Amino acid sequence: MSVYGSFPGSRPRRLRVNPVMRRMVAETRVHPADLILPAFVREGISEPVAISSMPGVVQHTLDTLRKAAVDAVSAGVSGIMLFGVPEEAKKDPTGSAGTDPDGILQAGIRAVKAEVGDDLIVMSDLCLDEFTDHGHCGVLDDEGRVDNDATLERYAEMAQVQADAGTHVVGPSGMMDGQIGVIRDALDTIGKEDVSVLAYTAKYSSAFYGPFREAVGSSLKGDRKTYQQDPANVRESLRELALDLEEGADMVMVKPALPYLDILARIADETDVPVAAYQISGEYAMVEAAAEKGWIDRDAAILETLTGIKRAGASMILTYWATEAARRL
C-alpha cells in the first residue's frame, strides 16, 4: 500500500458502477427529436414493396406513407425526408417527372402534410437521379457529361414545385456547383422565404449507396465521381461548407455518416448552423445483415452507431431506424 493511501487514487470506474450512474454522467445523448426518417414513396403500387437489401424498409404507397408519418410523430421523430420513385415509363433525360406538380414526390409531400401538418418537418430530396432515364443527378450534355449549369435550372424548378406542394425543407443532394444559391433565389422569387435549405455539403462518392439504388429504382449508368466528393479529401469539404454558407444554406449535411465521422467533426467545429449526418443505406444494411447472422447485437449496435454520430457533432441524424430508435430512446 502507498503512503498516500490506496492505489490507484483516481478510479474512473467509480462513474461506471451501474446503469443509473452511467446514464447520469453520459456526455452524449441521442434524443428522438434528433432523428429524421428517410422514406420512399413509389408511384403505381397498391401495396408497399419490400426492399430486399434493406430489411424492414419499403417503398411506400401514399397511404402507407401517411401511416409512417403518423408513427414517426408518435415516436417523437422530428422530420421525414421524402424520396419519390416514379413509374419507369415516366423517366426521361431531363427528369421531367421531378418537376411535374402532380409527380409522385409532390404527391407524397402533400399527403404527409395533409396527414400530420406541422407536427413533422417535411423534407424533400431535391435531385434528378430518381427521375432521369440515365440515373444521373443532372441533365447531360452532348458528350454525356453532367451539365452543371443546365442542371441548376432544373433544380430551381424542382425547388419551386416542392415548395408549392408544402415542403418545409428542400435537400439538394446533387452536388452541383452553385446549387444552394440558385435554389435560395428560386424559392425567394415565389415568396417561399420560409422554406429552409438543407445543403448536402459533404456528399462523398461512396461504396455504401448500393441498397439505396434499389430503393429508388435507379437507372444509373456509370458513376458520380465527377460531382460527388473524393473519399480521400478533407479540405474539399471545408471549401464546400464555406460556399454553401455563403450561398444561404440554413443547415448542412455530411453523407455517409460512419465512414466520415472525422469530416462530420471538422464541419461541426467550423460552423454555427445545424449539422446533419445521413446514416445511409449501406450502413443500415451491414448492421441488419450482421445481426441476421447472429454476429452482433442488433439493438445495441443501432444505438451505438447513433451515439457515435451524435458524439462526432451531428445535431440531426437521418436514419432508417428513426422511428424504431426513437421509441427505444
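Residues numbered from 1 in each chain as written. Predicted model: local features only at pLDDT ≥ 70, side-chain atom pairs only at ≥ 80, totals over all residues. Heavy atoms only, no water.

### Some thoughts on a positive patch on the surface
Test applied: The patches reported here contain residues having more than 30% relative accessible area and no salt bridge. Joining distances are 9 Å for like charges and 5 Å for nonpolar side chains (Val, Leu, Ile, Met, Phe, Trp, Tyr). Note that accessible areas follow from Shrake-Rupley with a 1.4 Å probe, and for residues the cover is restricted to the protein chains shown. Whenever Lys or Arg places a side-chain nitrogen within 4 Å of a carboxyl oxygen from Asp or Glu, that contact is recorded as a salt bridge. When charges are counted, Lys and Arg are positive and Asp and Glu negative, with His and the chain ends excluded. To locate a charge, the coordinates of NZ of Lys, CZ of Arg, CG of Asp or CD of Glu are taken. For helices the rule is a DSSP run of H or I covering at least 4 residues; for strands it is a run of E covering at least 2, with both sets numbered from the N terminus onward.
A surface patch of positive charge is lined by Arg-11, Arg-13, Arg-14 and Arg-16. Mapped onto the fold, Arg-11 is located in the segment before helix 1 (19-24).

### Focus: the nonpolar core
What counts is decided by this rule: In this description, a nonpolar core means a group of buried Ala, Val, Leu, Ile, Met, Phe, Trp, Tyr and Cys residues linked to one another through side-chain atoms lying within 4.5 Å. Buried, partly exposed and exposed residues are distinguished by accessible area as a fraction of the type maximum, computed with a 1.4 Å probe on protein chains only: under 20%, between the cut-offs, and over 50%, respectively. Should any heavy atoms of two residues lie within 4.5 Å, those residues are considered in contact.
Membership of the largest hydrophobic core comes to 90 residues, with the highest contact counts inside it found for Ile-80, Leu-82, Tyr-155 and Ile-267. Once you skip the residues sitting within four places of it in the chain, Ile-267 turns out to touch Thr-201, Ala-202, Ser-237, Leu-238, Leu-241, Val-252, Val-254 and Val-275.

### Quick notes on the side chain of Gln-229
Positionally, Gln-229 belongs in the loop between helix 6 (210-215) and helix 7 (235-247). Look at Gln-229 and you get buried, because its relative accessible area is 1%. When residues no more than four places from it in sequence are discounted, the contact partners of Gln-229 are Met-175, Thr-201, Ala-202, Lys-203, Tyr-204, Ser-205, Glu-236, Ser-237 and Glu-240.

### Observations regarding the environment of Lys-91
One can find Lys-91 in the loop between strand 4 (79-85) and helix 3 (104-116). When its relative accessible area of 8% is taken as the criterion, Lys-91 is described as buried.

### Some words on the packing of helix 3 against helix 4 (residues 148-165)
Axes are the key here: two packed helices are described by the angle between their axes and the distance separating the axes. How we decide: Lines fitted to the C-alpha atoms define the axes, with helices restricted to the stretch that makes contact. Angles between their N-to-C directions range from 0 to 180 degrees. Roughly parallel means an angle under 35 degrees; roughly antiparallel, over 145; roughly perpendicular, 65 to 115; everything else is oblique. For any helix crossing, the convention is left-handed if the near helix is rotated counterclockwise from the far helix by under a right angle, and right-handed if that rotation is clockwise. Each residue gets one of three labels, nonpolar for Ala, Val, Leu, Ile, Met, Phe, Trp, Tyr, Cys and Pro, charged for Asp, Glu, Lys and Arg, and polar for the others, Gly among them.
Where helix 3 contacts helix 4, the axes come no closer than 8 Å and their chain directions differ by 30°. With respect to helix 4, the element helix 3 is oriented roughly parallel. The handedness of the crossing between helix 3 and helix 4 comes out as right-handed. The residues of helix 4 that touch helix 3, namely those facing Leu-105, Gln-106, Ile-109 and Arg-110, are Val-161, Gln-162 and Ala-165. Residues that form the contact of helix 3 with helix 4 fall into these classes: four nonpolar, two polar and one charged.

### Let's talk about the pattern of salt bridges
Scanning the model with the defined rule gives 17 salt bridges in all. Put simply, Lys-91 and Glu-88 hold a salt bridge, and the shortest N to O gap is 3.3 Å. In this structure Glu-88 comes out as exposed when scored by relative accessible area, which is 53%. We note a salt bridge from Asp-188 to Arg-184, for which the minimum N-O separation is 3.0 Å. Residue Asp-188 and its partner Arg-184 are both found in helix 5 (residues 179-189); the two are separated by four residues, about one turn of the helix. Classification of Asp-188 as partly exposed rests on a relative accessible area of 32%. Residues joined by salt bridges that share partners form a network here, namely Glu-288, Arg-298, Asp-299, Glu-324 and Arg-328.

### Structural notes on a nonpolar patch on the surface
Residues Leu-15, Met-24 and Val-25 make up a contiguous nonpolar surface patch of about 280 Å² in total accessible area. Relative to the helices and strands, Met-24 is located in helix 1.

### Notes on the pairing of strand 7 (residues 196-203)
The test is simple: By this definition, two strands are paired if DSSP reports at least two bridges between them. A clockwise course of the path from the first strand over the helix to the second, judged with the strands pointing away from the viewer, identifies a crossover as right-handed.
Burial runs high along strand 7: seven of the eight residues are buried. Examined bridge by bridge, strand 6 (residues 169-172) and strand 7 share two bridges and lie parallel to one another. Counted as the bridge partner of Val-169 is Ser-196 from strand 7. At this point the chain moves from strand 6, through helix 5, to the parallel strand 7, and the crossover so formed is right-handed. Strand direction decides the pairing type here: strand 7 and strand 8 (residues 251-255), joined by four bridges, are parallel. Pairing of Leu-198 across the sheet is with Met-251, part of strand 8.

### So, the pairing of strand 6
Residues Val-169 and Gly-171 of strand 6 are buried on one face, and the alternating residues Val-170 and Pro-172, pointing to the opposite face, are buried as well. As paired strands, strand 5 (residues 121-126) and strand 6 are joined by four bridges and run parallel to one another. Following the sheet pairing, Asp-125 is matched in strand 6 by Gly-171. Assessed by its sense of winding, the connection that carries the chain from strand 5 through helix 4 to strand 6 is right-handed.

### Quick word on the packing of aromatic side chains
Cut-off, in case you're wondering: Planes of paired rings set the category: under 30 degrees apart is stacked, over 60 is edge-to-face and the rest tilted, where pairs are Phe, Tyr or Trp rings (Trp by its six-membered ring) whose centres lie within 6.5 Å. Over a ring means this: the NZ of a Lys or the CZ of an Arg is within 6 Å of the ring centre and within 35 degrees of the ring normal.
Under the defined criterion, the tally for this structure stands at six aromatic pairs. Here the aromatic rings of Tyr-284 and Trp-321 are separated by 4.7 Å at their centres, their planes lie at 35°, and the arrangement is tilted. You can see Tyr-284 sitting in helix 9 (residues 281-292) and its partner Trp-321 sitting in the loop between strand 10 (316-318) and helix 11 (322-328), a full 37 residues away along the chain. One residue, Lys-203, lies across the ring of Tyr-209, its end atom 5.9 Å from the ring centre.

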